[in-house]
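# Working through the structure, step by step
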Amino acid sequence: TLTEPTPKVTTQPTGSTVTAGTQVNFTSAATGIPAPDVQWQVLAPGGSWSNITNATSPTYSFNSASGDDGNQYRAFFTNTYGNKY
């Protein structure tokens, strides 16, 4: 029986504070029918959420830089029946 086709986040990314030049790793997961696609997004201070190019796997990793200071990140999941972050 199909009871919850919309994406449901099962693993939230964990917040972290890092020093410029170090690697940052975020992981998130969701269920749904069909399986949801993921798109990582970034929010710069004073800006709006925007998609990160080629960041479409459950794990997002990058080397931090001083220009990343104050940024927030989230995984945005979508399928035929809806979306969730």
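Everything numeric here is computed off the predicted structure, so don't read it as measured data.

With the exception of glycine, most residues fall at negative phi, and the peptide bonds are largely trans. Cis rather than trans, the peptide bond between Ile33 and Pro34 has omega equal to 0°. Mapped onto the elements of the fold, Pro34 is located in the loop between β3 (29-31) and β4 (37-43). A positive phi angle, close to 65°, is found at Asn54, a residue other than glycine. Judged by its relative accessible area of 74%, Asn54 is exposed.

All right, on to the side chain of Ser64 then. Its place among the elements puts Ser64 in the loop between β6 (59-63) and β7 (72-79). Apart from residues no more than four positions distant in its own chain, Ser64 is found in contact with Val18, Thr19, Ala20, Gly21, Thr22 and Val24.

If you trace the backbone, Asn51 turns up in strand β5 (residues 50-51). For the pair Asn51 and Asn71, spaced 20 residues apart in sequence, the C-alpha separation works out to 13 Å. Here Gln41 takes part through its side chain, which lies 2.9 Å from a polar atom of the side chain of Asn51.

With that settled, consider the nonpolar core. Formed by 13 residues in total, the largest nonpolar core has its most connected members in Phe26, Trp40, Ile52, Tyr60, Phe62 and Tyr73. Those elements that place two or more of their residues in this core are β2 (23-27), β4, β6 and β7.

Okay, the side chain of Gln39 next. Counting through the fold element by element, Gln39 comes out in strand β4. Looking at Gln39, its side chain comes within polar contact range of the main-chain oxygen of Ile52, at 2.8 Å. At 3.4 Å, the side chain of Gln39 forms a polar contact with the backbone oxygen of Ala55.

What follows covers the pairing of β2. Burial of β2 is one-sided: the residues Val24 and Phe26 facing one way are buried, the residues Gln23, Asn25 and Thr27 facing the other way are not. The sheet contact formed by β2 and β6 spans five bridges and is antiparallel. Paired with Gln23 across the two strands is Asn63, which belongs to β6.

What counts, and at which threshold
- Numbers given to residues run from 1 along each chain, matching the order in which its sequence is written.
- Where local features are concerned, this predicted model is filtered to residues with pLDDT of at least 70; where side-chain atom pairs are given and counted, the filter is 80 or more; whole-chain, interface and lining totals use all residues.
- Where side-chain values are given, they derive from all heavy atoms of the structure, hydrogens and water being excluded.
- Strands here are runs of E lasting at least two residues and helices are runs of H or I lasting at least four, both read from the DSSP assignment and numbered beginning at the N terminus.
- Relative accessibility decides the category of a residue: with a 1.4 Å probe and only protein chains considered, values under 20% of the type maximum give buried, values over 50% give exposed, and everything between is partly exposed.
- Should any heavy atoms of two residues lie within 4.5 Å, those residues are considered in contact.
- Two N or O atoms count as a polar contact when they lie within 3.5 Å, although within protein this holds only if one can serve as hydrogen donor and the other as acceptor, and sequence-adjacent residues are included solely when both atoms are side-chain atoms.
- By nonpolar core is meant a set of buried Ala, Val, Leu, Ile, Met, Phe, Trp, Tyr and Cys residues that side-chain atoms within 4.5 Å join together.
- Pairing between strands is defined by DSSP: at least two bridges between the two strands are required.

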